[in-house]
Amino acid sequence: MSHIRGRFKKKADKTVNAYTTSVPFDWRLYPYDIAGSIAHARMLAKQGIIPDKDAETIVNGLTAIQREIEQGEFQFNVELEDIHMNIEARLIEMIGEVGGKLHTARSRNDQVALDLRLFSRDAITTTLAQLEELQRVIIALAEANKAVVIPGYTHLQTAQPVLLAHHLLAYFEMLQRDSERFLDCLARTDVMPLGSGALAGVAYDIDREFVAKELGFEEISRNSLDAVSDRDFVLEYQAAASFCMMHLSRLAEEIILWSSAEFNFIELDEAYATGSSIMPQKKNPDVAELARGKTGRVYGNLMGLLTTMKALPLAYNRDLQEDKEALFDSVEILLSTLEVFTGMLKTLKVNAENARQALEGGYILATDLADYLVKKGEAFRSAHEKVAKLVSYAIEKDKPLSKLTLAEYKKFSPLFEDDVFSITVESSLAARDVSGGTAPKRVAKALAAAKKSLGAKGG
Ligand code: ARG
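Along each chain, residues carry numbers from 1 onward, in the same order as the chain's sequence is written. In keeping with the predicted nature of the model, local features appear solely for residues at pLDDT of at least 70, side-chain atom pairs appear and are counted solely at 80 or more, and the whole-chain, interface and lining totals rest on all residues. Side-chain numbers here rest on the full set of heavy atoms in the structure, without hydrogens or water.

**Q** So what exactly am I meant to see when it comes to a nonpolar patch on the surface here?
**A** Patches here: salt-bridge-free residues with over 30% relative accessible area, like charges joined within 9 Å, nonpolar side chains (Val, Leu, Ile, Met, Phe, Trp, Tyr) joined within 5 Å. Accessibility throughout is a Shrake-Rupley quantity obtained with a 1.4 Å probe, and a residue counts as covered only by protein chains that appear here. Salt bridges are defined by distance alone: a side-chain nitrogen of Lys or Arg within 4 Å of a carboxyl oxygen of Asp or Glu. Taken together, the side chains of L199, L225 and L314 define a hydrophobic patch exposed on the protein surface, amounting to about 270 Å² of accessible area. Numbered from the N terminus, helices here are DSSP runs of H or I no shorter than four residues, and strands are runs of E no shorter than two. By the element assignment, L314 lies in the loop between α11 (286–309) and α12 (323–347).

Pasting the structure below:
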């Protein structure tokens, strides 16, 4: 509107206003915009750029505006382009000409960079807290089912027995790396860009460190051109969110498989399952399916912004406005997915008996048989071949390995003795006594270590 169209005789066309406005989505930056403006106004007064009493009037006005927005009384106007202009226009309307002093030594280019960094910093902090919450639930589920054994899979084919707790702790590790990624991204987000102006810095004796301190930033940006056009921190959030959703989608897939009638290793709580409008028997894992689906949207948000940033010349370009919707979308998807997964895992029941049955009958202890021969002096490669032939024989006879006689075993190797029958799921687990392995005592240690690492984070 009039504020920034001083050079024009014409009003912007309606379609242009509708096309260029960011108000429908950037309104949610208001608490950050106001916090940034308050810090800026205080700095201007401290530096003698505006009188103290003007700064006070501005700060009071901004505080009143925040209240108006929170109470739903604020009239947003798309003709005012964005949240920044909406707040400034209302400030001037409220306190008069003094309000026009707020934008001294500032541009919307460094202002929006600041707002987005403040938003991202909060988003990362919340994400970290929710990641930790989910990790706690994973540990609790593992502890509550310490003795449960499931078939481990490779190629989704029964491979070797593993403890369910070991399997769950694999997800703990993934989420741990996700936390590290978000923390790493936080360090580069926590940089204060104000003072960069439109692109070249500002022509006033400002105190950037003061603003940084007021807003709790660790650092100030070192190059004005970079500061107004850098969106690496948004990309990093999007990338870390993509990794995290990828991990959650893998867990989602297992929940979907495991809750099927064919596996039946787990039972979802009714509060976390949905029904079918036609098939009365259905108890669907829609939460997990949607998490799997929404992962695609988060990847899309990352690719979208990478593409927007590609080949953008310095410094600010309006293209950068396209960073926001996708960021808000990914934050919302990730936080809601973490939240609903926390509840879903907290309430699901493990069908230990069914998991146990899935271990029987198959040939899940074949590796242990080969290891048995190796311990009696056979080379692993030939032991593998002999056991493969034995398994193929057992399949032909339609017998599990445990139902073969010693005479049958001996047909494949004279090294087989009576003690071959002491190979069990339990001995198989216990044998994997290496750090990182599924032996129960190793898993107990891993659980304790996982708990301790969360304890160290506090919370
Ligand atoms: N709405 C803009 C954005 O999101 C704010 C900065 C506008 N700057 C400008 N020179 N038009 O990027």
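**Q** Got a minute to help me understand the packing of aromatic side chains in this structure?
**A** Any aromatic ring pair is given by two values, namely how distant the centres are and how the planes are angled relative to each other. Any two of the Phe, Tyr and Trp rings considered here, Trp counted by its six-membered ring, make a pair once their centres fall within 6.5 Å; the pair's planes then place it as stacked at under 30 degrees, edge-to-face at over 60, or tilted in between. With the rule as written, the count across this model stands at 11 aromatic pairs. Where F119 meets F328, the ring centres are 4.8 Å apart and the plane angle is 70°; that geometry is what we call edge-to-face. Note that F119 is positioned in helix α6 (residues 108–144) and F328 in helix α12, a separation of 209 residues in sequence. By relative accessible area, F119 is classed as buried at 9%. Accessibility here uses a 1.4 Å probe with only protein chains present; expressed as a share of the type maximum, an area under 20% marks a residue as buried, one over 50% as exposed, and anything in between as partly exposed. Residue classification places F328 among the buried residues on the basis of a relative accessible area of 3%.

**Q** Would you mind going over the site of the ligand with me for this structure?
**A** It suffices for a single heavy atom of a residue to lie within 4 Å of a molecule or strand for the residue to be listed as near it. Taken together, S22, D82, H84, R108, N109, V112, Y316, Q321 and K324 make up the full set of residues adjacent to the ligand. At a separation of 3.2 Å, a nitrogen atom of the ligand approaches a polar side-chain atom of S22. Counting of polar contacts relies on pairs of N or O atoms within 3.5 Å, with two restrictions inside protein: one atom must be capable of donating a hydrogen and the other of accepting it, and residues adjacent in sequence are counted only when both atoms are side-chain atoms. Within the side chain of D82, an N or O atom sits 3.2 Å from a nitrogen atom of the ligand. Within the complex, 87% of the 340 Å² of free accessible area of the ligand lies under protein. Of the residues forming the shell around the ligand, the biggest block, three residues, is contributed by α6. For this scheme, ten residues count as nonpolar: Ala, Val, Leu, Ile, Met, Phe, Trp, Tyr, Cys and Pro. Four count as charged, namely Asp, Glu, Lys and Arg, and the remainder, Gly too, count as polar. Residues of the shell around the ligand, tallied by class, amount to two nonpolar, four polar and three charged.

**Q** How should I be thinking about the side chain of D230 in this particular structure?
**A** Secondary-structure assignment places D230 in the loop between α9 (224–229) and α10 (232–258). One polar contact links the side chain of D230 to the main-chain amide nitrogen of D232, over a distance of 2.6 Å.

**Q** Can you walk me through the packing of helix α3 (residues 30–46) against helix α5 (residues 83–95) in this structure?
**A** A pair of packed helices is characterised by two quantities: the angle between their axes and the separation of those axes. Throughout, an axis means a line fitted to C-alpha atoms (over the contacting stretch in the case of helices), and angles, computed between N-to-C directions, take values from 0 to 180 degrees. Contact geometry for α3 and α5: axes closest at 10 Å, N-to-C directions at 55°. Our classification of the angle between α3 and α5 gives oblique. When you trace α3 past α5, the crossing you get is right-handed. Between α3, through Y30, D33 and I34, and α5, the contact on the second element is made entirely by I83, H84 and I87. For the contact of α3 with α5, the per-class residue count stands at four nonpolar, one polar and one charged. In this scheme, roughly parallel covers angles under 35 degrees and roughly antiparallel covers those over 145, while 65 to 115 is roughly perpendicular and the rest are oblique. Left-handed is the label given to a crossing in which the near helix is rotated counterclockwise from the far helix by less than a right angle, and right-handed is the label when the rotation is clockwise. A contact between two residues is defined here by any heavy atoms of the two lying within 4.5 Å.

**Q** So what exactly am I meant to see when it comes to the state of the cysteines here?
**A** A covalent bond between the sulfur atoms of two cysteines is referred to as a disulfide. Disulfide assignment relies on a single distance test, namely cysteine sulfur atoms paired within 2.5 Å. Going through the model one piece at a time under the given rule, you end up with zero disulfides. Left without a disulfide partner, C185 is nearest to the cysteine sulfur of C244, which lies 12 Å away. Given a relative accessible area of 0%, C244 falls into the buried group.

**Q** I tried to follow the environment of D33 on my own but got confused; where do I start?
**A** Considering the arrangement of structural elements, one finds D33 in helix α3. Sequence separation between D33 and I83 is 50 residues, and the spatial gap between their C-alpha atoms is 8.0 Å. Contacts of D33, omitting those with residues within four sequence positions, involve H84, I87, Q111 and D115.

**Q** Sorry if this is basic, but what is going on with α3 here?
**A** An α-helical turn contains 3.6 residues, so a residue and the one three or four places further along point in the same direction. Here the expected length of a helix is defined as 1.5 Å per residue gap, with one fewer gap than residues. The end-to-end C-alpha distance of α3, which contains 17 residues, comes to 24 Å, matching closely the 24 Å that a straight helix rising 1.5 Å per residue would cover. Of all 17 residues in α3, 13 are buried; the element is thus mostly enclosed. Trailing α3 by a residue or two, G48 shows a phi angle of about 75°, which is positive.

**Q** Hey, could you run me through the pattern of salt bridges in this one?
**A** Oppositely charged side chains can pair when the atoms bearing their charge come close. Scanning all chains against the criterion turns up 34 salt bridges. For E332, the salt bridge identified is with R28, shortest N-O distance 3.8 Å. One end of the pair, E332, is in helix α12; the other, R28, is in the loop between α2 (23–26) and α3, and 304 residues separate them in sequence. Classification of R28 as partly exposed rests on a relative accessible area of 31%. R90 is paired through a salt bridge with E68; the nearest N and O atoms lie 2.6 Å apart. With R90 in helix α5 and E68 in helix α4 (residues 52–70), this pair connects stretches of sequence that are 22 residues apart. Salt bridges linked by common partners bring E81, D82, R108 and R318 together as one network.

**Q** What exactly am I supposed to notice about the nonpolar core here?
**A** The nonpolar side chains of soluble globular proteins are, as a tendency, buried together. By nonpolar core we mean a set of buried residues, namely Ala, Val, Leu, Ile, Met, Phe, Trp, Tyr and Cys, connected to one another through side-chain atoms within 4.5 Å. Counting 126 residues, the largest nonpolar core has F182, Y237, L248, L334, F341 and L369 as the members making the most contacts within it. In this structure, L369 is in contact with V387, L390, L401, Y409, F416, V420 and I423, ignoring residues within four places of it in sequence.

**Q** Would you take a moment to explain the environment of T342 for this structure?
**A** Residue position: T342 is located in helix α12. Sequence spacing of T342 and Q130 is 212 residues, and the spatial spacing of their C-alpha atoms is 8.6 Å. Dropping the residues within four chain positions of it, T342 is found in contact with E133, L134 and V137. Within polar-contact distance, the side chain of T342 engages the backbone oxygen of L338 at 2.7 Å.

**Q** When you look at the pairing of strand β1 (residues 149–154) in this model, what are you seeing that I'm missing?
**A** Paired strands, as defined in this entry, are two strands with at least two bridges between them according to DSSP. Sheet analysis places β1 next to strand β2 (residues 157–163), joined by six bridges and oriented antiparallel. Paired with Y153 across the bridge in β2 is T158. Counting the residues that bridge the hairpin from β1 to β2 gives two residues, and of these H155 lies at a positive phi of roughly 55°.

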